[in-house]
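Read off the chains here:
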Amino acid sequence: MVKLIIKNLSKSYVDKKSKSLSALKKVSLNLDINGIFTLIGRNGAGKTTFIRIVSTELLPTSGKVYLDGVDVVKNPKEIRERIAVIPQEAALIPWMTARENIFAYLLWRGLSFKEAKERTNTVLTRFKLEKYADKLPRKLSGGTKRKVLVALVISSNAKIIFLDEPTTGLDPISRRELWEVLTELKKEHLVILTTHYLEEAEELSDYIIILNKGKLVKAGSINNIRDAIGYPYAIKIFKGFNKKIRLNGKVVKKNDGTFQVFSDERTANNLAKKLIKTKVKFSINPTSLEDIFYMLVGDIDKGEENEN
Ligand SMILES: Nc1ncnc2c1ncn2[C@@H]1O[C@H](COP(=O)(O)OP(=O)(O)OP(=O)(O)O)[C@@H](O)[C@H]1O
Ligand SMILES: [Mg+2]
(Lines give C-alpha, C1' and ligand atoms only; values in the text may rest on other atoms or scores of the structure.)
(Ligands and ions follow the chains in the order given, each with its own letter.)
Protein backbone atom coordinates (compact mmCIF):
# COMPACT_ATOMS: atom_id res chain seq x y z
CA MET A 1 0.00 0.00 0.00
CA VAL A 2 1.17 3.51 -0.80
CA LYS A 3 -0.18 6.50 1.05
CA LEU A 4 -1.21 9.48 -1.04
CA ILE A 5 -2.29 12.55 0.86
CA ILE A 6 -3.18 15.68 -1.06
CA LYS A 7 -4.43 18.78 0.68
CA ASN A 8 -5.98 21.69 -1.20
CA LEU A 9 -3.71 21.25 -4.18
CA SER A 10 -3.96 24.19 -6.59
CA LYS A 11 -1.95 25.14 -9.63
CA SER A 12 -2.23 28.31 -11.68
CA TYR A 13 -0.25 28.88 -14.84
CA VAL A 14 0.54 32.46 -15.68
CA ASP A 15 0.96 33.29 -19.36
CA LYS A 16 3.07 36.03 -20.97
CA LYS A 17 0.30 38.60 -20.60
CA SER A 18 0.20 37.78 -16.85
CA LYS A 19 -3.18 36.12 -17.29
CA SER A 20 -3.63 33.31 -14.82
CA LEU A 21 -5.27 29.99 -15.58
CA SER A 22 -6.08 27.62 -12.77
CA ALA A 23 -5.41 24.06 -13.85
CA LEU A 24 -6.05 22.51 -10.42
CA LYS A 25 -8.41 23.90 -7.84
CA LYS A 26 -8.15 22.77 -4.24
CA VAL A 27 -7.93 19.06 -4.90
CA SER A 28 -7.82 16.94 -1.73
CA LEU A 29 -7.38 13.18 -1.32
CA ASN A 30 -6.35 10.86 1.47
CA LEU A 31 -5.82 7.31 0.30
CA ASP A 32 -3.98 4.08 0.79
CA ILE A 33 -3.60 2.81 -2.73
CA ASN A 34 -2.10 -0.03 -4.65
CA GLY A 35 -2.67 -1.48 -8.09
CA ILE A 36 -3.74 0.98 -10.73
CA PHE A 37 -4.84 4.51 -9.84
CA THR A 38 -6.36 6.29 -12.83
CA LEU A 39 -7.13 9.92 -13.54
CA ILE A 40 -9.79 10.67 -16.10
CA GLY A 41 -11.16 13.96 -17.37
CA ARG A 42 -11.66 15.95 -20.54
CA ASN A 43 -8.82 17.68 -22.38
CA GLY A 44 -7.50 20.38 -20.09
CA ALA A 45 -9.06 18.89 -16.95
CA GLY A 46 -5.72 18.97 -15.12
CA LYS A 47 -4.55 15.35 -15.31
CA THR A 48 -1.05 16.04 -16.63
CA THR A 49 -0.66 18.93 -14.21
CA PHE A 50 -1.57 16.58 -11.34
CA ILE A 51 0.93 13.96 -12.52
CA ARG A 52 3.69 16.52 -13.01
CA ILE A 53 3.23 17.90 -9.50
CA VAL A 54 2.98 14.53 -7.74
CA SER A 55 6.03 13.27 -9.65
CA THR A 56 8.04 16.38 -8.60
CA GLU A 57 8.41 17.89 -12.07
CA LEU A 58 6.31 20.92 -11.29
CA LEU A 59 5.70 22.96 -8.15
CA PRO A 60 2.13 23.58 -7.05
CA THR A 61 0.87 27.11 -6.50
CA SER A 62 -0.47 26.04 -3.13
CA GLY A 63 -1.37 22.92 -1.19
CA LYS A 64 0.46 19.85 0.06
CA VAL A 65 1.32 16.51 -1.50
CA TYR A 66 2.63 13.54 0.46
CA LEU A 67 3.42 10.41 -1.53
CA ASP A 68 4.61 7.29 0.27
CA GLY A 69 5.23 9.38 3.38
CA VAL A 70 7.33 12.00 1.60
CA ASP A 71 6.46 15.67 1.21
CA VAL A 72 7.15 15.82 -2.53
CA VAL A 73 7.34 19.61 -2.61
CA LYS A 74 9.87 19.89 0.23
CA ASN A 75 11.83 16.69 -0.39
CA PRO A 76 11.61 15.90 -4.11
CA LYS A 77 14.94 14.04 -4.11
CA GLU A 78 13.70 11.64 -1.48
CA ILE A 79 10.78 10.45 -3.60
CA ARG A 80 12.53 10.50 -6.99
CA GLU A 81 14.31 7.18 -6.40
CA ARG A 82 10.96 5.53 -5.76
CA ILE A 83 9.23 6.84 -8.89
CA ALA A 84 9.54 6.55 -12.65
CA VAL A 85 7.55 8.58 -15.15
CA ILE A 86 6.50 8.36 -18.79
CA PRO A 87 5.27 11.85 -19.67
CA GLN A 88 2.37 12.40 -22.07
CA GLU A 89 4.60 13.25 -25.03
CA ALA A 90 7.36 10.77 -24.22
CA ALA A 91 9.40 9.30 -27.05
CA LEU A 92 12.39 7.01 -27.31
CA ILE A 93 15.71 8.58 -28.28
CA PRO A 94 15.61 8.13 -32.06
CA TRP A 95 19.27 7.27 -32.70
CA MET A 96 19.38 4.56 -30.05
CA THR A 97 17.97 1.05 -30.34
CA ALA A 98 15.29 -0.12 -27.94
CA ARG A 99 17.97 -1.91 -25.89
CA GLU A 100 20.23 1.16 -25.82
CA ASN A 101 17.34 3.36 -24.75
CA ILE A 102 16.66 1.18 -21.74
CA PHE A 103 20.34 0.75 -20.94
CA ALA A 104 21.03 4.50 -21.13
CA TYR A 105 18.03 5.26 -18.93
CA LEU A 106 19.30 2.89 -16.26
CA LEU A 107 22.79 4.38 -16.37
CA TRP A 108 21.20 7.81 -16.03
CA ARG A 109 19.33 6.56 -12.97
CA GLY A 110 22.69 5.68 -11.43
CA LEU A 111 23.06 1.94 -12.00
CA SER A 112 26.46 0.43 -12.78
CA PHE A 113 27.19 -0.81 -16.33
CA LYS A 114 26.85 -4.42 -15.19
CA GLU A 115 23.58 -3.91 -13.35
CA ALA A 116 22.11 -1.83 -16.18
CA LYS A 117 22.99 -4.49 -18.73
CA GLU A 118 21.49 -7.29 -16.68
CA ARG A 119 18.33 -5.39 -15.95
CA THR A 120 17.90 -4.36 -19.59
CA ASN A 121 18.06 -8.01 -20.64
CA THR A 122 15.64 -9.08 -17.92
CA VAL A 123 13.02 -6.51 -18.84
CA LEU A 124 13.32 -7.18 -22.58
CA THR A 125 12.70 -10.87 -21.90
CA ARG A 126 9.92 -10.22 -19.43
CA PHE A 127 7.94 -8.20 -21.95
CA LYS A 128 8.83 -10.40 -24.94
CA LEU A 129 10.66 -7.57 -26.65
CA GLU A 130 13.88 -9.41 -27.57
CA LYS A 131 13.19 -9.43 -31.27
CA TYR A 132 12.79 -5.66 -31.31
CA ALA A 133 15.65 -4.94 -28.94
CA ASP A 134 18.26 -4.05 -31.54
CA LYS A 135 16.05 -2.00 -33.80
CA LEU A 136 15.88 1.77 -33.95
CA PRO A 137 12.57 3.31 -32.81
CA ARG A 138 11.60 4.37 -36.35
CA LYS A 139 11.55 0.71 -37.34
CA LEU A 140 9.07 -0.17 -34.57
CA SER A 141 5.29 0.18 -34.65
CA GLY A 142 3.63 2.71 -32.33
CA GLY A 143 2.47 -0.08 -30.02
CA THR A 144 5.92 -1.62 -29.71
CA LYS A 145 7.46 1.77 -29.03
CA ARG A 146 5.01 2.27 -26.17
CA LYS A 147 5.83 -1.16 -24.82
CA VAL A 148 9.53 -0.33 -24.90
CA LEU A 149 8.79 2.89 -23.00
CA VAL A 150 6.80 0.98 -20.40
CA ALA A 151 9.60 -1.62 -20.19
CA LEU A 152 12.04 1.23 -19.71
CA VAL A 153 10.26 2.70 -16.69
CA ILE A 154 9.67 -0.73 -15.21
CA SER A 155 13.36 -1.56 -15.54
CA SER A 156 13.99 1.15 -12.96
CA ASN A 157 12.33 -1.10 -10.33
CA ALA A 158 10.65 2.06 -9.04
CA LYS A 159 7.88 1.41 -6.57
CA ILE A 160 5.55 3.97 -8.18
CA ILE A 161 5.15 4.33 -11.93
CA PHE A 162 3.43 7.27 -13.62
CA LEU A 163 2.08 6.75 -17.12
CA ASP A 164 0.40 9.71 -18.80
CA GLU A 165 -1.83 8.35 -21.59
CA PRO A 166 0.31 5.32 -22.42
CA THR A 167 -2.26 3.84 -24.80
CA THR A 168 -3.31 6.90 -26.80
CA GLY A 169 -3.25 6.21 -30.50
CA LEU A 170 -2.73 2.47 -30.21
CA ASP A 171 -4.87 0.04 -32.18
CA PRO A 172 -7.28 -2.10 -30.12
CA ILE A 173 -5.00 -5.15 -30.13
CA SER A 174 -1.86 -3.25 -29.13
CA ARG A 175 -3.89 -1.51 -26.47
CA ARG A 176 -5.01 -4.80 -24.98
CA GLU A 177 -1.44 -6.11 -25.12
CA LEU A 178 -0.39 -3.10 -23.11
CA TRP A 179 -3.23 -3.75 -20.66
CA GLU A 180 -1.69 -7.16 -20.02
CA VAL A 181 1.64 -5.49 -19.31
CA LEU A 182 -0.04 -3.05 -16.92
CA THR A 183 -1.95 -5.81 -15.15
CA GLU A 184 1.32 -7.68 -14.68
CA LEU A 185 2.97 -4.49 -13.52
CA LYS A 186 0.41 -3.69 -10.86
CA LYS A 187 1.28 -6.84 -8.93
CA GLU A 188 4.52 -5.24 -7.80
CA HIS A 189 4.13 -1.53 -8.41
CA LEU A 190 1.66 1.27 -7.87
CA VAL A 191 0.73 2.55 -11.31
CA ILE A 192 -0.62 6.09 -11.64
CA LEU A 193 -2.25 6.31 -15.02
CA THR A 194 -4.21 8.71 -17.19
CA THR A 195 -6.34 7.70 -20.13
CA HIS A 196 -9.17 8.92 -22.34
CA TYR A 197 -10.32 5.35 -23.00
CA LEU A 198 -12.96 4.84 -20.38
CA GLU A 199 -13.45 1.12 -20.95
CA GLU A 200 -9.73 0.84 -20.29
CA ALA A 201 -10.00 2.83 -17.07
CA GLU A 202 -12.95 0.66 -16.03
CA GLU A 203 -11.20 -2.60 -16.77
CA LEU A 204 -7.82 -1.79 -15.26
CA SER A 205 -8.31 0.60 -12.39
CA ASP A 206 -8.48 -0.14 -8.71
CA TYR A 207 -9.16 3.50 -7.99
CA ILE A 208 -10.42 6.25 -10.27
CA ILE A 209 -10.49 9.99 -9.89
CA ILE A 210 -12.54 12.16 -12.19
CA LEU A 211 -11.31 15.70 -12.72
CA ASN A 212 -13.23 18.44 -14.45
CA LYS A 213 -11.83 21.93 -15.04
CA GLY A 214 -9.28 21.38 -12.31
CA LYS A 215 -11.76 20.17 -9.71
CA LEU A 216 -12.15 16.74 -8.25
CA VAL A 217 -15.60 15.56 -9.26
CA LYS A 218 -15.63 11.98 -7.95
CA ALA A 219 -13.14 9.48 -6.56
CA GLY A 220 -13.35 5.81 -5.68
CA SER A 221 -13.40 2.32 -7.10
CA ILE A 222 -15.69 1.91 -10.08
CA ASN A 223 -18.27 0.28 -7.80
CA ASN A 224 -18.06 3.07 -5.23
CA ILE A 225 -18.57 5.63 -7.98
CA ARG A 226 -21.53 3.68 -9.41
CA ASP A 227 -23.17 3.61 -5.99
CA ALA A 228 -22.32 7.23 -5.25
CA ILE A 229 -24.10 8.52 -8.33
CA GLY A 230 -27.18 6.47 -7.40
CA TYR A 231 -27.46 4.69 -10.75
CA PRO A 232 -25.42 1.49 -10.49
CA TYR A 233 -27.43 -0.34 -13.18
CA ALA A 234 -28.05 0.41 -16.84
CA ILE A 235 -31.00 -1.24 -18.56
CA LYS A 236 -30.98 -1.07 -22.31
CA ILE A 237 -34.37 -1.59 -23.90
CA PHE A 238 -34.30 -2.37 -27.60
CA LYS A 239 -36.85 -1.23 -30.18
CA GLY A 240 -40.52 -2.07 -29.74
CA PHE A 241 -40.82 -0.96 -26.15
CA ASN A 242 -44.36 -0.88 -24.79
CA LYS A 243 -44.68 2.64 -23.48
CA LYS A 244 -47.29 1.55 -20.93
CA ILE A 245 -44.49 0.37 -18.65
CA ARG A 246 -43.38 3.27 -16.49
CA LEU A 247 -39.67 3.91 -16.53
CA ASN A 248 -38.21 5.09 -13.24
CA GLY A 249 -34.67 6.32 -12.84
CA LYS A 250 -32.75 8.35 -15.37
CA VAL A 251 -34.12 7.67 -18.83
CA VAL A 252 -32.28 8.47 -22.03
CA LYS A 253 -33.88 7.92 -25.43
CA LYS A 254 -31.27 7.14 -28.06
CA ASN A 255 -31.39 8.14 -31.71
CA ASP A 256 -31.75 4.52 -32.78
CA GLY A 257 -35.04 4.13 -30.88
CA THR A 258 -33.58 2.28 -27.89
CA PHE A 259 -34.00 3.44 -24.31
CA GLN A 260 -31.31 3.48 -21.70
CA VAL A 261 -32.54 3.50 -18.11
CA PHE A 262 -30.13 4.13 -15.26
CA SER A 263 -31.38 3.04 -11.87
CA ASP A 264 -30.72 1.42 -8.52
CA GLU A 265 -30.87 -2.34 -8.04
CA ARG A 266 -34.48 -2.53 -6.85
CA THR A 267 -35.82 -0.42 -9.70
CA ALA A 268 -33.78 -2.43 -12.20
CA ASN A 269 -35.20 -5.70 -10.82
CA ASN A 270 -38.77 -4.43 -10.94
CA LEU A 271 -38.38 -3.19 -14.47
CA ALA A 272 -36.79 -6.45 -15.59
CA LYS A 273 -39.74 -8.41 -14.15
CA LYS A 274 -42.16 -6.29 -16.20
CA LEU A 275 -40.07 -6.36 -19.36
CA ILE A 276 -39.65 -10.10 -19.30
CA LYS A 277 -43.41 -10.46 -19.70
CA THR A 278 -43.25 -8.50 -22.96
CA LYS A 279 -41.45 -9.55 -26.13
CA VAL A 280 -39.07 -6.63 -26.16
CA LYS A 281 -35.38 -7.39 -25.89
CA PHE A 282 -33.43 -5.81 -23.07
CA SER A 283 -30.14 -6.10 -21.24
CA ILE A 284 -29.01 -5.15 -17.74
CA ASN A 285 -25.42 -4.24 -16.99
CA PRO A 286 -23.53 -2.34 -14.37
CA THR A 287 -23.49 1.29 -15.51
CA SER A 288 -20.38 1.86 -17.60
CA LEU A 289 -17.74 4.38 -16.64
CA GLU A 290 -18.42 6.07 -19.96
CA ASP A 291 -22.07 6.67 -18.99
CA ILE A 292 -21.05 7.78 -15.49
CA PHE A 293 -18.52 10.16 -16.96
CA TYR A 294 -21.10 11.62 -19.26
CA MET A 295 -23.53 12.08 -16.37
CA LEU A 296 -20.93 13.74 -14.18
CA VAL A 297 -19.04 15.80 -16.70
CA GLY A 298 -21.01 15.94 -19.95
CA ASP A 299 -24.23 17.21 -18.41
CA ILE A 300 -22.65 20.02 -16.49
CA ASP A 301 -20.04 20.95 -19.04
CA LYS A 302 -20.79 21.33 -22.68
CA GLY A 303 -17.89 23.72 -23.10
CA GLU A 304 -14.47 23.00 -24.54
CA GLU A 305 -11.24 23.71 -22.70
CA ASN A 306 -10.79 25.00 -19.20
CA GLU A 307 -10.96 28.76 -19.67
CA ASN A 308 -10.88 30.90 -16.59
N1 LIG B 1 2.75 24.96 -19.12
C2 LIG B 1 1.52 25.48 -19.19
N3 LIG B 1 1.33 26.82 -19.32
C4 LIG B 1 0.10 27.36 -19.35
N5 LIG B 1 -1.04 26.64 -19.28
C6 LIG B 1 -0.92 25.30 -19.17
C7 LIG B 1 0.35 24.65 -19.12
N8 LIG B 1 0.16 23.32 -19.00
C9 LIG B 1 -1.17 23.14 -18.98
N10 LIG B 1 -1.82 24.32 -19.07
C11 LIG B 1 -3.29 24.51 -19.04
O12 LIG B 1 -3.76 23.94 -17.83
C13 LIG B 1 -4.98 23.24 -18.05
C14 LIG B 1 -4.80 21.79 -17.62
O15 LIG B 1 -3.86 21.18 -18.52
P16 LIG B 1 -3.39 19.67 -18.38
O17 LIG B 1 -2.32 19.47 -19.39
O18 LIG B 1 -3.08 19.39 -16.97
O19 LIG B 1 -4.74 18.91 -18.79
P20 LIG B 1 -4.98 17.37 -19.14
O21 LIG B 1 -6.15 16.93 -18.31
O22 LIG B 1 -3.73 16.60 -19.02
O23 LIG B 1 -5.45 17.46 -20.67
P24 LIG B 1 -5.24 16.41 -21.89
O25 LIG B 1 -6.31 15.37 -21.70
O26 LIG B 1 -5.51 17.26 -23.11
O27 LIG B 1 -3.85 15.87 -21.82
C28 LIG B 1 -5.32 23.42 -19.52
O29 LIG B 1 -6.24 24.46 -19.64
C30 LIG B 1 -4.00 23.78 -20.16
O31 LIG B 1 -4.18 24.60 -21.29
MG1 LIG C 1 -2.59 15.54 -20.32
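Residues numbered from 1 in each chain as written. Chains lettered and ligands numbered in written order. Predicted model: local features only at pLDDT ≥ 70, side-chain atom pairs only at ≥ 80, totals over all residues. Heavy atoms only, no water.

Taking an unreviewed UniProt entry as the reference, the protein chain is identified by name as ABC transporter related protein belonging to Candidatus Parvarchaeum acidiphilum ARMAN-4. Per its UniProt entry, the protein chain bears the Sequence similarities (unreviewed entry) comment "Belongs to the ABC transporter superfamily." (UniProt positions renumbered as here; feature names shortened; annotations may be inferred.)

Trainee: What exactly am I supposed to notice about the coordination of the magnesium ion (ligand 2) here?
Mentor: For a metal bound by four donors in a tetrahedral arrangement, the ideal donor-metal-donor angle is 109.5 degrees, while six donors in an octahedral arrangement ideally sit at 90 or 180 degrees. Surrounding the magnesium ion (ligand 2) are the protein donor atoms Thr48 (OG1) and Gln88 (OE1), at 1.9 to 2.1 Å. Of this pair, Thr48 sits in helix α1 (residues 47–54) while Gln88 sits in the loop between β6 (83–86) and α3 (98–108), placing them 40 residues apart in sequence. The exposure class of Gln88 is partly exposed, given its relative accessible area of 33%. (Donors = N, O, S within 2.8 Å, 3.2 Å for Na, K, Ca; no water. Helix = DSSP H or I, 4+ residues; strand = E, 2+ residues; numbered from the N terminus. Buried < 20%, exposed > 50% of the residue type's maximum accessible area, 1.4 Å probe, protein only.)

Trainee: I tried to follow helix α6 (residues 172–185) on my own but got confused; where do I start?
Mentor: One turn of an α-helix holds 3.6 residues; hence residues three or four places apart share an orientation. Here α6 is 14 residues long and its end C-alpha atoms lie 20 Å apart, about the 20 Å a rise of 1.5 Å per residue gives. Residues of α6 that are buried include every one of Ser174, Arg175, Leu178, Trp179, Val181, Leu182 and Leu185, and no others. One side of α6 holds all its buried residues, which, seen down the axis, span an arc of 165°. What points out from α6, more than 90 degrees from its buried face, is the exposed set Pro172, Ile173 and Glu180. Among the structural elements, β3 (36–40), α5 (142–155), β7 (160–164), β8 (190–194) and α7 (198–204) are those in contact with the buried residues of α6. Put simply, Asp171 is the residue that caps the front of α6, since its side-chain oxygen is 2.7 Å from the backbone nitrogen of Ile173. (Expected span 1.5 Å × (residues − 1). Arc of directions from axis to C-beta. Contact = heavy atoms within 4.5 Å. Polar contact = N/O pair within 3.5 Å; in protein donor to acceptor, adjacent residues only side chain to side chain.)

Trainee: Where do I start with the site of ligand 1 in this structure?
Mentor: Close to ligand 1 lie 16 residues, the nearest being Gly44, Lys47, Thr48, Thr49 and His196. Asn43 places a polar side-chain atom, nitrogen or oxygen, 2.9 Å from an oxygen atom of ligand 1. A distance of 3.1 Å separates an oxygen atom of ligand 1 from a polar backbone atom of Ala45. Alone, ligand 1 offers 640 Å² of accessible surface; in the complex the protein occludes 70% of this. When residues of the shell around ligand 1 are traced back to their parent elements, those giving at least two are β2 (20–33) and α1. With three residues, α1 is the largest single contributor of residues to the shell around ligand 1. Considered class by class, the residues forming the shell around ligand 1 number four nonpolar, eight polar and four charged. (Near = heavy atom within 4 Å. Areas by Shrake-Rupley, 256 points an atom, 1.4 Å probe, with all protein chains shown as cover. Nonpolar A, V, L, I, M, F, W, Y, C, P; charged D, E, K, R; others polar.)

Trainee: Teacher, can you tell me more about unusual backbone geometry here?
Mentor: Across the chain, the bulk of peptide bonds are trans and the bulk of non-glycine residues have phi less than zero. Positive phi values are uncommon outside glycine, yet Lys128 reaches one of about 50°. A relative accessible area of 66% places Lys128 in the exposed class. A positive phi angle, close to 45°, is found at Lys213, a residue other than glycine. Residue placement: Lys213 occurs in the loop between β9 (207–212) and β10 (215–220). Residue Lys213 is classed as partly exposed on the basis of its relative accessible area of 33%.

Trainee: Would you explain the environment of Ile5 in this entry?
Mentor: Take Ile5: it is sitting in strand β1 (residues 2–14). Residues Ile5 and Asn157, spaced 152 residues apart in sequence, show a C-alpha to C-alpha distance of 23 Å. What Ile5 contacts, discounting residues up to four positions off in sequence, is Leu29, Asn30, Lys64, Val65 and Tyr66.

Trainee: What is the right way to read the sheet that holds strand β14 (residues 282–286) from this model?
Mentor: Sheet strands pair via backbone hydrogen bonds, and the direction of the pair is either parallel or antiparallel. Across the sheet, which stays open at both edges, the four strands sit in the order β12-β13-β11-β14 with antiparallel pairing between neighbours. Edge positions in the sheet fall to β12 (250–253) and β14, since each has one partner strand and no second. In this sheet, adjacent strand axes meet at a mean angle of 20° when their direction is disregarded. Taken together, the four bridges between β12 and strand β13 (residues 259–263) define a ladder with antiparallel strand orientation. Bridge pairing links Val252 to Gln260 in β13. Packing of helix α9 (residues 265–276) onto the sheet brings it into contact with β11 (233–237), β13 and β14, and relative to β11 it is tilted by some 20°. (Pairing = 2+ DSSP bridges. Axes fitted to C-alpha atoms, helices over the stretch in contact; angles between N-to-C directions.)

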